[in-house]
Amino acid sequence: MQKKMISMLAALAVAAIAPSAQAFDIGGANGWKFSTDGFLNVFATYESVGTRPTGVIGGEIGGDQTGTGESQQQFRVRTGLLPVGFGLNIQAPTTNGVDYAVRLGLYPQVQNNGGSRTDLSPNIDFREINMTATGSFGQILAGRAINLYQAKNILTDMTLFGAGVIGPVDSGPTMGHIGYGYLYPNFGAQIRYTTPDLNGLKVAFSVNDTNNIGAATIRNVPRLETEISYTTVFTGGRLQTWVSGLYQQASFSDAKFVTVPVTLNPDGSITPEHVVPAVRPGGHVTSVGGAGGVQLDIHGLQLLTSCYGGRALGMLGMQGADALSADGKERTNWGFLNQATYQLTPVVKLGLNYGQSRAELAGNDTELNIQKQQAATVAVTYNVNKFVQVIGEYTWAQDRWFNGATQDANIGAIGTFIYW
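Report follows, based on the coordinates. (Residues numbered from 1 in each chain as written. Predicted model: local features only at pLDDT ≥ 70, side-chain atom pairs only at ≥ 80, totals over all residues. Heavy atoms only, no water.)

Before going further, it helps to examine the packing of aromatic side chains. With the rule as written, the count across this model stands at seven aromatic pairs. Ring centres of Phe417 and Tyr419 lie 5.3 Å apart, and the angle between their planes is 10°; this geometry places the pair in the stacked category. Grouped by ring-pair contacts, the aromatic residues Phe39, Phe43, Phe161, Phe417 and Tyr419 constitute a single cluster. Cation over ring: Arg127 sits above Tyr107, and NZ or CZ is 5.6 Å from the ring centre. (Phe/Tyr/Trp six-rings, centres within 6.5 Å; stacked < 30°, edge-to-face > 60°. Lys NZ or Arg CZ within 6 Å of the ring centre and 35° of its normal.)

Here's what the structure looks like:
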């Protein structure tokens, strides 16, 4: 069986962005098949970050550079937004009209873990461990895979095959526009049903492993996600549109007080262990979100707009610590990404996009809280051949707080992909 699947994270974007690739395929006489697919990318990045304002809360632009009161620069050789991907696929013989398959996806990094030349332990991420049953009824997936909510928002971003904003993960991927136009949908355990293709229309629904929502860690209500997508092809072009949704609740402990461990402060002082009142004892929070987008391809020009909004979503990873105010109230989060790419020649593509993510004040938030994260990227992609690309990027990014303070970054990246 031939495959053009780069990974579950990239699968829906491959046809439009990546060169065609075929997986290695081994078939047995008994009808079982084994194949591999994947990609490897390496980027040289240089980041110049302005001074971080004093006392502010949130903001991702400084990444792993933690200094305040001074500007910072950093050069790395690393993977971009996508890690290295290596997929192993096992397909069973078609039985009673149903195709059964198992996928294991391994996603390591090429860079060292931090600045130490003795720490050679890059992150290895098992993002995909799932089985599927596909037939005339559609598809059932069980296991670990990319979540539905905001998946297409990241899959259609051109910096998926680049670097974009560098971000806070020293030994992991860069962020692209994660937190700067959409949120990271993450990969999670789930049971998912997808309808068959209904003249371009597909509907998917999943019951998912639950997340903490900020400091609310009691999770006794299922996490539900859905996606409705429509794709059509016409003379000289293609149209894709989608909407997705998320719903989950979580509760706080009934405990009235909590113990805060010893803390090392940025100024070098130490705060000893102490007891403080708990956040909203016995209360609960609700995380709900909607997202959508439209992508139009016509005669080499591709236009994209996507957006999201909701409550208790966070500013980077879905439902992270910043989804709630310090006193446990749900923040409103929203954002968008606009993008245009143009196939200048059969081997050269130009791209430009701009996105932002925002949070509204909630609970006991102050003007020191993060208000907006925005970034713009210009990219040039050159296809060396059907399986090798070279990508060059420039990204400007800015974090802005409610008091008007800002921090800027200028980021350059040049790298290469090989697909199989």
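Pairing between side chains of opposite charge can happen when their charged atoms approach one another. Throughout the structure, instances matching the rule amount to six salt bridges. Notably, a salt bridge pairs Lys152 with Glu227, separated by 2.9 Å at the nearest N-O pair. One end of the pair, Lys152, is in helix H2 (residues 151-155); the other, Glu227, is in strand E10 (residues 223-234), and 75 residues separate them in sequence. Take Glu227: its relative accessible area is 10%, and that puts it in the buried class. Two residues, Asp365 and Arg331, come together in a salt bridge whose shortest N-O distance is 2.7 Å. Separated by 34 residues along the polypeptide, Asp365 in the loop between strand E19 (348-359) and strand E20 (370-383) and Arg331 in the loop between strand E17 (301-311) and strand E18 (332-343) bring together distant segments of the chain. Look at Arg331 and you get buried, because its relative accessible area is 9%. Salt bridges sharing partners connect three or more residues here, namely Asp37, Arg103 and Glu128. (Salt bridge = Lys/Arg side-chain N within 4 Å of Asp/Glu carboxyl O. Helix = DSSP H or I, 4+ residues; strand = E, 2+ residues; numbered from the N terminus. Buried < 20%, exposed > 50% of the residue type's maximum accessible area, 1.4 Å probe, protein only.)

This paragraph deals with the nonpolar core. Counting residues in hydrophobic clusters, the biggest one holds 34 residues, and the most contacted among them are Ile154, Leu160, Ile178, Tyr180 and Phe417. Here this core takes five residues from strand E22 (residues 406-419), the largest share from any one element. In this structure, Ala250, Phe252, Ala312 and Ala323 belong to the second largest nonpolar core, which totals eight residues. (Core = buried A, V, L, I, M, F, W, Y, C linked by side-chain atoms within 4.5 Å.)

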